[in-house]
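Topology and contacts: notes
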Amino acid sequence: MSRSYVPDPLETALSWVWALGTAAGLAMVALLAHTEHSSAQVQLTLSSEDVPLSDGPV
């Protein structure tokens, strides 16, 4: 007679937490990489004429 495996509810919950945490972490890394890439492109396109001068004394 064979018994079917019934997962422990705690094991299932921890598996979901791990999976969601991994997905959120990968999304954060992708967002940070995209933000860094975008800001590097903006800095390369700026020139001294694009920077506004301040109104007060320096």
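Not measured: the values here are computed from a predicted model.

Here we take up the overall build of the protein. The helix and strand tally for the protein stands at 1 helix and 0 strands. The burial tally for the protein puts 0% of its 58 residues in the buried class. Entry remark: accessible area of the protein is about 5700 Å², with carbon and sulfur atoms responsible for 69%.

Turning our attention to a nonpolar patch on the surface. Together, Met 28, Leu 31 and Leu 32 line one region of the surface with nonpolar side chains, adding up to about 300 Å² of accessible area. Note that Met 28 resides in helix 1 (residues 9–45). Judged by relative accessible area, which is 45%, Met 28 ranks as partly exposed.

Basis of the calculations
- Residues numbered from 1 in each chain as written.
- Predicted model: local features only at pLDDT ≥ 70, side-chain atom pairs only at ≥ 80, totals over all residues.
- Heavy atoms only, no water.
- Helix = DSSP H or I, 4+ residues; strand = E, 2+ residues; numbered from the N terminus.
- Buried < 20%, exposed > 50% of the residue type's maximum accessible area, 1.4 Å probe, protein only.
- Areas by Shrake-Rupley, 256 points an atom, 1.4 Å probe, with all protein chains shown as cover.
- Patch = residues over 30% accessible without salt bridge, like charges linked within 9 Å, V, L, I, M, F, W, Y side chains within 5 Å.
- Salt bridge = Lys/Arg side-chain N within 4 Å of Asp/Glu carboxyl O.

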